[in-house]
Each structure stands twice: as C-alpha cells, then as structure tokens.
Amino acid sequence: MNVWVIGGGVIGSLFAAHLSRVAEVTLVCRRPEHAATVAENGIRVSGRADFVGQPRASTDPAGLADAELVIVATKANDVEAAAAQLEDRLGDGTVMTVQNGLGAEEAIRQHGPWPQLSAVTFMSGTKLADDHVEYVLDTPTWLAPYDDAPFALAERTASLIAESGLKVEPMADLEPARWSKLIFNATVNSVAALTGLPHDHHFAELKRPTDLGHLVRCLIEEGTRIASAAGIELREDPWQMNVLATQRGSRHYPSMLEDVEARRPTEVDFITGALVREAERHGVDAPLLTAVYRLVKAREASYR
Amino acid sequence: MKVAIVGCGAVGSLFAANLAQLDDVEVWAFDLDGQHVETINDHGLRLSGAGEVVGKVRATTDAAELPGCDFGIVATKCMHTAAAIQASAPAFASGAVCSVQNGVGNEEVLAEHVERVIRGTTFPAGRVVGPGHVQWDVKGETTIGPFEASPAPMAEVDRLADACTRGGMPTHAVADARGPQWRKLIFNAATNPIGALTGLTHGRVCEDAGLRRLVSQLVDEGKAVAGAQGIELDADPEELIDHAARPDVAYDHKASMLQDVEALRQTEIDYLNGGIARFGREHGVPTPLNDAVTALIKGLEAAWAQ
C-alpha cells in the first residue's frame, strides 16, 4: 500500500516509522536537510517501541498522485498549506487528518472530493532528532469516517495502523471523543501557555476559588456546556482526563506551552478559539474560555 | 511630631524625604535593606526627578530602635505588611498607622497589631535607583481617612494630611477614603495582570478590542464588589484606563506587575484581583474573571519555583 505522511513532527514521524514496516511510506518534510537525514538513516523509534523505520522522505509532494492514504500530520496552522499541495495532485486516495482542535477536515474538503477520515490521537512523544523520536505515551488514535466516507474505510485504515504496531480504535462517530480531547486541550494547553507550568499537580488543586485547578474546572464546565449545546455527548469527562494526567507523574509539556516558550505561533485558534466560536454559534456564554483565548492570542502578538 | 516610615522603598522614600523637610517633624525609616539604611543615615535620603530633595531621615533595619511615634506610614509591598507591622507595632502604641500601599486588605492586617488605623491611597510613583536614592517619576495626590473597623479620629487624620501636604506631598483627609482606594484598585486589577500575562504594554492591551473587553469585564466585577459595599468611586476607572492608553500618557508603560513577572519577583496579585475576589465573596458578589487571573498569575509564580 502506498502511504504518504505530510508533516515530520512527533506524530508524523511516529506514523511514518511504524507504517513503513507494513506499507510503502513517504514522509513529506518542510526542510530539505530533514528529508535527507530520514532518507539516509530512516527514523529511529525508542521508548514504547525500539526499531528503525525506513520510510522514503522528500520535500516534494509531486509523487503522491498515486497515494492510497495520505495522513496529514502537520500542526493545525499548516493544514491549509498541506491541503493546497494535495489539490490537483492526489487522485482518489483517502485523506486522514489527525490535528488538534476543530477545522482540519473542512480545510481539506475545500481542496478536493477525496474520501476523508477524521482522527484524534493521544499518542505522544518527543522528537530527539530529525531521525529519532522517543515514543512516550502509546495511548490510541481514534478514527472515524468524515462526511460520507464509509465506516469500512475507517476499519481498513485502522487495521493497517494496528498492523504497524500503533494502537488504534475505529469508531462510527468521532465527535464524542474529539470533543473530550478538544475541551481538555483548550483548557490545559491555554493555562499551561499562560502560566508556564507543565501539566502538573497545580492543574488539579481546588481548595480555593483562586487555585489553578478551580480555573481549570470552570473552563472545563464551560466547554462541557458548549458540547452539550452542540448536541455532543462526551466520550470521557475532560476533568477526569485532567486529574489522571496530573497524577501520571510525568511533567508533560503541553504543545502550546512549548510554542509560547519558543515564541512560535500556537494552535490556539484551532483549539481554544474553535471552542469559543462554537460557543458563539450555539449561543452559550463562555467568558473564561474567551478570556484565556484572548490572553494567549495577545501573548502571541507580544512577539511582534 | 515623630513619623516612622515602615518600608522605605520608592513610595516610602517619597513620604520620608518630603516630610523630613519640615522643622516640626522627625522622620524615622524602618527598612530591611542594610545598605539603603546605611546610606540614608550617612548622606540623607535623596529624591531626584519630579523634585530634587534630600531629607534627613533616621533609618534602621531594627524596628526595636524606633522611638514612640505619633504616626506610622506603611509603604511595604502588600505581602510584607504583616511582618513589618508585627515588628514595628510597639513604636505605635500611642500613635496611628496609615497604609499608602497598593491593593486592598492592608488596613485589616494593620488593625490586628495597632489600635488606630488610617486608610490611604497614593498616586505619586518612583523607583529606587540605588542605596539612599529614589527617582521620583510622577507627582500626585494622596487621600487618607479613618479605617472604619479600627479608626483613627478625624483630627488625627487631619494632622497627618496637613504634615504631608506642608512637606510637599499633597494629601486630602476625608471621612470615607474607600472611593479613591477602590478606583486605584480596580484600575490596577484590570490592567496589571493583563500586561503581566501577555507581555504587552498598556497601550497595546487597550488597542486589542478583545483584550480591552476583558479589561472592562474585570472593571465591572470590581465595580460590583465596590457597589455591594456602598463605596462610591471618585472617578470612572474606564476613563482612566483609556486616558492612560494615549501615546502622550502611558501607551508604552509596562505594568508594574509585568515588570515583576519579567524579574521573577512575587507580585501583589493577592491584594489586587485576589483582594477584589475576597471582598466579593464576603459580600456575595461573584468574581469569576478576577478569580481566573489571580489563579493564572499565581500559576506563573509557581512556575518560577520549579
């Protein structure tokens, strides 16, 4: 099977390395030296697995015309550019998006009629080098058909991913899972970005109304009200997800905090911003989510 | 008249050096910075900028050396109030103590240690540039009045206001000094943490329509808490915020809390937004956004400790 993975971050690298064991895989990278390193050395996976995957690598998407599956694993901010690469190029292959937040599927759809799969992934890791990724959490990827794609497509793709050694669960409707993660991310990532705290015990402290956990819980309650107004029944309670994550003991650095510390644009528009827009669409008051969204946006503006 | 300044940083020094110009006032200063104290004792306390003043002030790092005083003027950062007044209270056994600090809740702490307390709010500002030397950035007025729960008599408040005014720090004595205090509090609480969390200057905060709305939401919560206590603000914080955003006023000003955050110094958040939230709870007024920014700033402070 001919698989292309667009985006060589942690998630893209994990997919490309694993899938290269069961399919013909090409990783599309932004930097030529990144592509050259992967082409020469493959991608070493350590941590939860230990092997070297051998995908092809390129900065040029020209060859993806015959791809049967394209996994778009860029940051949410770069989905539009990836979609533009697919337009007039990709034949009838399937496009799977795995971005945080909302909006990636719609952005892809604007550029072509391909069958689409929608995924959220909970696996995580650390990129130690262009050709080395540490696989830290092997929690599953959930995937579901988008639009009018058949469920069988999600099942077939899930089988391929499972065969490659990654955990995956196909489902008919992604929204309950996606929204659970969206609310969790909108809350934890924004608070981490603003305070500089990794996702640690402060996020579950509830003693006083001015404790951080209290804010996290109020944000999650707003998110849950928005989900409910949107007709979504959450698959998991985001507050429990938060508490469990703080108890896990690894001082996880949410990506939005990494972005802020590196003074890079964050995914806040696709995560917290997406939730705020959903609140407006459904007429739900979300003053706290709106506040942290505006604060993170302003923090980004302060780089300029 | 003997006056002791408790906490001789920028604001304390403005009071100390100016009061020391008066023949009928003996000024003492209690401060924990040994080099600052030594320089003041050797060379006097010097102000430059908005006014050039050198005051003869007797400074000490040991509160036990303070003589019995008619007045104390407390100008420490809010989080040091309790320790500072606990150490210096014996000097005010027959005197009155006035807070000129930021935020709310300081008078309550003073009243745990001394009998007669004066509520004060001051607008002059400056910064310490070296031992014994303070840059006086902005002149401004001070308003003082009896602290309701543990009041100094009005005659005593008048006497302190008169001395400050004659010394060069124009001060009004009023029966209810809560209005100016809450006006300054609401202004600071609505703008300081936003600057601190975003890194933006006051002008840039106000230019961003979304952020400016957040500032207004914080102002509204503060006004509601003030209203529930029957406090009448002496000016609308919204107008002051817009005024300060003008390029010729304070567009480029980095809020003091942003300066604290950049220097990894503990902020006064507990006495600003945290104070509004605390008084809100006492009076049954919800303050979700003030709670939120308090939690975020305290989160920032916790991050430095790691």
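Residues numbered from 1 in each chain as written. Chains lettered and ligands numbered in written order. Predicted model: local features only at pLDDT ≥ 70, side-chain atom pairs only at ≥ 80, totals over all residues.

Overview of the packing of helix 6 (residues 175-195) of chain A against helix 8 (residues 238-247) of chain A
All names here are of chain A. Interhelical geometry of helix 6 versus helix 8 gives an angle of 55° and a closest axis separation of 9 Å. Taken together, the axis directions place helix 6 and helix 8 in an arrangement best described as oblique. Considering how the two elements wind past one another, helix 6 and helix 8 form a crossing that is right-handed. The residues of helix 8 that touch helix 6, namely those facing Ser180, Ile183, Phe184, Thr187 and Val188, are Pro238, Met241 and Asn242. Tallied by class, residues from the contact of helix 6 with helix 8 come to five nonpolar, three polar and no charged. (Axes fitted to C-alpha atoms, helices over the stretch in contact; angles between N-to-C directions. Helix = DSSP H or I, 4+ residues; strand = E, 2+ residues; numbered from the N terminus. Parallel < 35°, antiparallel > 145°, perpendicular 65-115°, else oblique. Left-handed = near helix turned anticlockwise from the far one by under 90°. Contact = placed C-beta atoms within 7 Å. Nonpolar A, V, L, I, M, F, W, Y, C, P; charged D, E, K, R; others polar.)

Looking at the confidence of the model for chain B
Here chain B shows a mean pLDDT of 96. Residues at 70 or above account for 100%. Interface confidence in the predicted complex, given as ipTM, is 0.89; pTM for the same model is 0.90. (pLDDT = per-residue confidence, 0-100.)

Quick word on the sheet that holds strand 3 (residues 43-47) of chain A
Residues and elements named next belong to chain A. Across the sheet, which stays open at both edges, the four strands sit in the order 4-3-10-9 with mixed pairing between neighbours. Where the open sheet ends on each side, the last strands, each with one partner, are strand 4 (51-53) and strand 9 (124-129). Shown here is a sheet whose adjacent strand axes are inclined to one another by a mean of 30°, direction ignored. Bridging between strand 3 and strand 10 (residues 132-137) involves four bridges; their strand directions are parallel. (Pairing = 2+ DSSP bridges.)

Observations regarding the domain arrangement of chain B
Residues and elements named next belong to chain B. Looking at the assigned domains, one finds that chain B contains domain 1 (2-173) and domain 2 (178-304). One C-alpha centre belongs to domain 1, the other to domain 2; they are set 25 Å apart. Each partner contributes residues to the interface: domain 1 has eleven residues there, and domain 2 has 14 residues. Each residue belonging to the side of domain 1 that touches domain 2 can be placed in one class, and the counts come to three nonpolar, six polar and two charged. (Domains from an automatic or database assignment.)

Examining the pairing of strand 6 (residues 71-74) of chain B
All names here are of chain B. Burial along strand 6 is two-sided: Phe71 and Ile73 and Gly72 and Val74, pointing in opposite directions, are all buried. In terms of strand pairing, strand 1 (residues 2-6) meets strand 6 through four bridges, oriented parallel. When the sheet's bridge partners are listed, Val3 is paired in strand 6 with Phe71. Here strand 6 runs beside strand 7 (residues 96-99); their pairing, made up of four bridges, is parallel. Across the sheet, residue Gly72 finds its bridge partner in strand 7, namely Val97. Viewed along the sheet, the connection from strand 6 through helix 3 (residues 81-88) into strand 7 turns out right-handed. (Buried ≥ 20, exposed ≤ 12 C-beta atoms within 10 Å, placed from the backbone. Right-handed = clockwise from strand over helix to strand, strands pointing away.)

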